Amino acid sequence: MATVSFDAVTRDFGGSRPAVDKLDLEIADGEFLVLVGPSGCGKSTSLRMLAGLEPTQGGRVLIDGQDVTGVAPKARDVAMVFQNYALYPNMTVADNMGFALRNAGMSKSDSRKSVAEAAEMLELTELLDRKPGALSGGQRQRVAMGRAIVRRPKVFCMDEPLSNLDAKLRVSTRGQIAGLQKRLGTTTLYVTHDQVEAMTMGDRVAVLKQGVLQQVASPRELYLDPVNTFVAGFMGSPSMNLFDEVTVVDRSATLGGHRITAPNAVDVARVVLGVRPESWEIVSAEHPEALYARIELVEELGAEQFVHAVPQNTTATVRGDRVIVRVDHRRSFAVDETIGLQARPEETYWFAPDSGLRLH
């Protein structure tokens, strides 16, 4: 196990901005940290710089306090789990898992023992004599995990390892990976673009945007206390409703007929106002103090439903053009129906319109 530090790490491919821009990030010994963000935000580049597969152009990468910035990948004691599994098709599962051990000079008996232990942990024992072509996607992913585990590395680097699995298998496999990491206690940096995956797996989550670190916190803190509109809109499914051009008068903001008292920190005339889908109260469409919205779509999810509606009586614009409301399955709604909405004041979020920073 080990600590990992990114100290002002930069990587520039010659575009209009660096792919990774002065990244400062600390990963504790044994921690499972998830790096999340949209495509092209620099998360995989950051992971590859830790593994030594991508050079840095500024700053330092440290493992257990030792600067490994110029150290070859094989000397860093880091194990990679790739998106495409990267298994040798002509080798059996056992040979794939033990390949790195044999290259490192481990005896056949010790290698077989390590492979057997990892296979039992991953429920692969009965598959050791098969080749990758005879395995399902989930089984191949477990083999790729087993190949990393047998090395007993200081750090695991996982680059979107679940992206090739179907939705149901992703859910079960992410639980297996998170549980396995807890048992092994190996420091892990996990990259994904899926914020649900990030929220359910990480001890902490680091959010990247265009190569710049936005916030690092526990999943719960990211959801409840985002630092800016990007984190607020990215973390959560469905994402937070963000209203632009909301006017504040006499310490109150108005959405249609719905007046919301601003917190003391709000001392500007215009704000971006955020409301999570679960933070709306649905009232009558005739209620005089409501934001009226016409329903365009109802997503039925069994235990709950998401109502997508277009605001009718406000000059503020909602990002995505629709308000999304999370509703209990016991209520019934129809397309083209008009509903009244009121936000719970204590669950609203206020942001500066120019910087996007949270107004605390």
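Residues numbered from 1 in each chain as written. Predicted model: local features only at pLDDT ≥ 70, side-chain atom pairs only at ≥ 80, totals over all residues. Heavy atoms only, no water.

The chain goes by Trehalose import ATP-binding protein SugC in an unreviewed UniProt entry, where it is assigned to Williamsia sterculiae. On record in UniProt, under Function (unreviewed entry), the comment for the chain is "Part of the ABC transporter complex LpqY-SugA-SugB-SugC, which is highly specific for uptake of trehalose. Involved in the recycling of extracellular trehalose released from trehalose-containing molecules synthesized by M.tuberculosis. Trehalose uptake is essential for virulence. Responsible for energy coupling to the transport system." One UniProt comment on the chain, placed under Subunit (unreviewed entry), says "Monomer. Homodimerizes in the presence of ATP. The complex is composed of two ATP-binding proteins (SugC), two transmembrane proteins (SugA and SugB) and a solute-binding protein (LpqY)." (UniProt positions renumbered as here; feature names shortened; annotations may be inferred.)

Student: Which residues make up the pairing of strand E21 (residues 348-351), and what are the values?
Tutor: Going residue by residue along E21, you find Thr348 and Trp350 tucked away on one face and Tyr349 and Phe351 tucked away on the opposite face as well. Sheet topology places strand E14 (residues 270-275) next to E21; four bridges connect them, and they run antiparallel. Following the sheet pairing, Val272 is matched in E21 by Phe351. (Buried < 20%, exposed > 50% of the residue type's maximum accessible area, 1.4 Å probe, protein only. Helix = DSSP H or I, 4+ residues; strand = E, 2+ residues; numbered from the N terminus. Pairing = 2+ DSSP bridges.)

Student: Could you give me a rundown of the layout of surface pockets, with the residues and numbers involved?
Tutor: By volume, the largest pocket amounts to about 550 Å³. In terms of lining, the largest pocket is formed by 18 residues, of which the most central are Val78, Ala79, Met80, Ala100 and Arg151. Contributing elements (two or more residues each) for the lining of the largest pocket: strand E6 (78-81), helix H2 (93-103) and helix H4 (137-149). A per-element tally of the lining of the largest pocket places H2 first, with four residues. Residues belonging to the lining of the largest pocket are distributed by class as follows: 14 nonpolar, one polar and three charged. The computed volume of the second largest pocket comes to approximately 190 Å³. Lining the second largest pocket we find Met121, Leu122, Glu123, Gln141, Arg142, Met145, Thr173, Gln176, Ile177, Gly179, Leu180 and Arg183. (1 Å grid on protein atoms, 1.4 Å probe; cavity = no way out; pocket = protein on both sides within 12 Å on 5 of 7 lines; lining within 4 Å. Points joined across faces, edges and corners; volume = space filled by probe spheres on them. Nonpolar A, V, L, I, M, F, W, Y, C, P; charged D, E, K, R; others polar.)

Student: Now, about the packing of H2 against H4: what can you tell me, with residues and values included?
Tutor: At their nearest, the axes of H2 and H4 sit 7 Å apart, and the two run at 30° to each other. Classified by the angle between their axes, H2 and H4 sit roughly parallel to one another. Here H2 and H4 pass one another in a crossing that is right-handed. Packed against H2, whose contacting residues are Val93, Asn96 and Met97, the element H4 presents Val143, Gly146 and Arg147 at the interface. Partitioning the contact of H2 with H4 into residue classes produces three nonpolar, two polar and one charged. (Axes fitted to C-alpha atoms, helices over the stretch in contact; angles between N-to-C directions. Parallel < 35°, antiparallel > 145°, perpendicular 65-115°, else oblique. Left-handed = near helix turned anticlockwise from the far one by under 90°. Contact = heavy atoms within 4.5 Å.)

Student: Residues and numbers for the packing of aromatic side chains, please.
Tutor: Each aromatic ring pair is described using two quantities: the centre-to-centre distance and the angle formed by the ring planes. Using the criterion set out here, one finds four aromatic pairs in the structure. Geometrically, the ring pair formed by Phe32 and Tyr190 is tilted, given 5.6 Å between the ring centres and 35° between the ring planes. With Phe32 in strand E3 (residues 32-36) and Tyr190 in strand E8 (residues 187-192), this pair connects stretches of sequence that are 158 residues apart. Here Tyr190 falls in the buried class, since its relative accessible area comes to 0%. Here the aromatic rings of Phe230 and Phe234 are separated by 5.7 Å at their centres, their planes lie at 10°, and the arrangement is stacked. Of this pair, Phe230 and Phe234 are both found in helix H8 (residues 229-234), four residues apart, which corresponds to roughly one turn of the helix. (Phe/Tyr/Trp six-rings, centres within 6.5 Å; stacked < 30°, edge-to-face > 60°.)

Student: Please give an account of the side chain of Lys43 that cites residues and values.
Tutor: With respect to the helices and strands, Lys43 occurs in helix H1 (residues 43-51). The side chain of Lys43 is buried and forms no salt bridge, while Glu160, the nearest opposite charge, is found at 4.4 Å. Reaching out from Lys43, the side chain makes a polar contact with the backbone oxygen of Gly37 at a distance of 3.0 Å. A polar side-chain atom of Lys43 sits 3.1 Å from the main-chain carbonyl oxygen of Pro38. When residues no more than four places from it in sequence are discounted, the contact partners of Lys43 are Leu35, Val36, Gly37, Pro38, Glu160, Val191, Thr192, His193 and Leu208. (Lys, Arg positive; Asp, Glu negative; His and termini not counted. Salt bridge = Lys/Arg side-chain N within 4 Å of Asp/Glu carboxyl O. Polar contact = N/O pair within 3.5 Å; in protein donor to acceptor, adjacent residues only side chain to side chain.)

Student: Break down the nonpolar core for me, with residues and values.
Tutor: One finds Met97, Val205, Val207 and Met235 to be the most contacted residues of the largest nonpolar core, which totals 41 residues. For this core, the element with the most residues is H4, which contributes five residues. Leaving out residues up to four positions away in the same chain, Val205 has contacts with Val34, Val36, Ala198, Gln215, Val216, Ala217, Pro219, Leu222 and Met235. Core analysis: the next-biggest nonpolar cluster, separate from the first, contains 31 residues, Ala253, Leu255, Ala309 and Leu359 among them. (Core = buried A, V, L, I, M, F, W, Y, C linked by side-chain atoms within 4.5 Å.)

Student: Account for the sheet that holds strand E15 (residues 280-283), naming residues and giving values.
Tutor: Sheet architecture is open: five strands sit in the order E15-E20-E16-E17-E19, paired in antiparallel fashion. Of all strands in the sheet, those bounded by a partner on one side alone are E15 and strand E19 (323-328). Going across the sheet, the axis of each strand differs from the next one's by a mean of 45°, ignoring polarity.

Student: Quick one: what's the story with the packing of H2 against helix H3 (residues 108-121), residue by residue and with numbers?
Tutor: Two elements in contact, H2 and H3, have axes separated by 9 Å at closest approach and are oriented at 130°. Here H2 lies oblique to H3, going by the angle between them. Both H2 and H3 take part in a crossing whose hand is right-handed. Residues Ala94, Met97, Gly98, Leu101 and Arg102 of H2 lie in contact with H3, whose contacting residues are Ser111, Ser114, Val115, Ala118 and Ala119. For the contact of H2 with H3, the residue count by class is six nonpolar, three polar and one charged.

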